[in-house]
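# What the coordinates show
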Amino acid sequence: MLRPPPSACSIELTAVTREFDMVAAVAPVTATLAKGSFTALVGPSGCGKTTLLRLIGGLDAPSTGRVARGIGPVGFCFQEPRLLAWRTVLENVALPLELAGRDRAHCLDCARRTLELVQLSDAARRFPHQLSGGMKMRASLARALVARPALVLLDEPFGALDEVTRHELDSELRALWEQERFTAVLVTHSMPEAAYLAERVLVFSPRPARVVADLATPSIARDASAWTSDALGACVREASTAMLHAIEEARR
Amino acid sequence: MTRRQSSRGRAMLASIVGPIAVVVIAVAAWALLKQALGIKDYLLPSPVGVLRAFTDDPWTFLNGMRETATSAAIGFAIAAAGGVLIGSLLSISRTVERSVYPITLLFQMVPLVAIAPLLAIWFGLGRPAVVASTAIVAIFPVIANTLAGLRARDPGLDELFEVLGAGRLTTWWRLALPSAVPSIVTGLRIASGLAAIGTITGEFLAAEGGERTPLGLLIMTAMRNFAADRVFVAVVLAAGVGFLLFGTVSIASRLLLARWMR
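What counts as what
Residues numbered from 1 in each chain as written. Chains lettered and ligands numbered in written order. Predicted model: local features only at pLDDT ≥ 70, side-chain atom pairs only at ≥ 80, totals over all residues. Domains from an automatic or database assignment. Contact = placed C-beta atoms within 7 Å. Helix = DSSP H or I, 4+ residues; strand = E, 2+ residues; numbered from the N terminus. Nonpolar A, V, L, I, M, F, W, Y, C, P; charged D, E, K, R; others polar. Buried ≥ 20, exposed ≤ 12 C-beta atoms within 10 Å, placed from the backbone. Pairing = 2+ DSSP bridges.

Here we come to the domain arrangement of chain A. Residue and element names in this part refer to chain A. When the domains of chain A are assigned, the result is domain 1 (1-73 + 150-244) and domain 2 (82-147). Between the C-alpha centres of domain 1 and domain 2 there is a distance of 24 Å. Across the contact, twelve residues belong to domain 1 and twelve residues belong to domain 2. Sorting elements by how many residues they give to the side of domain 1 that touches domain 2 places helix α5 (residues 163-180) first, with five residues. Partitioning the side of domain 1 that touches domain 2 into residue classes produces ten nonpolar, one polar and one charged.

Set out below in structure tokens:
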């Protein structure tokens, strides 16, 4: 449907730390995220995983250490849809291209195709307040993807949605990634979501965040039945155990 | 026509018929009271007397109204553009806001009657002084509402624009200003009501007579001649200028706000 994806980009984190007012949010983290990979960052609430995502996205600078990522557009999908109320869905999705200085016809054309991709074409002319929560997140996802980014950062994008809608969007996101092969980094507190979506799960300790487990998820077919598969279940158990250990250790 | 449309039509009809009914009742009460209490014409003219004062000399009044309306419109336009610009500049930083905003309050605090003579000295008698007095009265609500609107947006949207690599000017034009529109429009509506007051006051003190004497000066002249009927005509027309400006701004803002309406 779309042209072949631009080269995805890899991410190199070298002893990255981040402090806020003398309190460490991220302990030294060193990791390499391969080109075109899908990595989930999981950990207890407030552990600093969102901070790490912001560092990767360039929204924040590390206190020490280095974040290196390839050049190319970055798509960011926030916890909230963050749509502009005075723009239609189509115009919202076109925004990144518009800000990059592309001509209007091209912007709207790309936006229309991306809306097809997230199955939101019917709502193109509607305004954000006329959409359901799930539709808003679809629009937000479309906006993150419209510039054909090399890197897509997802910060618990579907956390506020009901279970069924969330599974649906997770499946679509996974399918989109398989098709487009951008480098994806997902922050979530849901182990099943991490295991289902990502190829690799990095489990973080409580604040300051450090990697306590680095797991590869089983390569199985990701369809609706995969949500309850034993293979994913084992991965979820392993990740949960690692996190629990880290939490206990932090309490001591 | 759907039921909803027809009920909206009925509501609109009521909003027109209602005020007209109130005016008719008020005018009737005025005529009856004057008759019953035997009030002299030079104190309170009858409604018919006011109408006669107008029909005896309609062009003096209509030209005056056009003159006043033009000054009000120009002054309002200056206040609108200037207010949005100043409000935007103030929003650049908290330091700028804290040091300059109190000074813009002067526009609100200093009584216009006190500065109008100064305007007459600076600009001479005539339109520029009147326009300046209009703009001074009308500008503050535009500044205040622009600033409030620019400050009120979700910081998450700024983050979005940062991720998308938008510069400050682009962020102002594509994000800050559009999200402030509902607030700015409120400021403009308040300003449109104030503009007519500023114009008439300016004309009291700094207008120039002649071919087209504006309403403010007509009021002053009629007052000195104890022509209460002519004062009434001019006051009614001055109110008409205010309604005209307010109505135009309201309709324009409703069209503009279509995208922002919930």
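What follows concerns the interface of chain A and chain B. Counting residues at the interface gives 13 residues for chain A, matched by 14 residues for chain B. Here the residues of the side of chain A that touches chain B sort into nine nonpolar, two polar and two charged.

Domain annotation of chain B identifies domain 1 (1-39) and domain 2 (45-259). A straight line from the C-alpha centre of domain 1 of chain B to that of domain 2 of chain B covers 28 Å.

This part covers the pairing of strand β5 (residues 74-77) of chain A. Residue and element names in this part refer to chain A. Side chains V74 and F76 project from β5 onto one buried face, and the interleaved G75 and C77 project onto a second face that is buried too. With four bridges connecting them, β5 and strand β6 (residues 151-155) associate as parallel partners. When the bridges of β6 are listed, F76 appears paired with L153.

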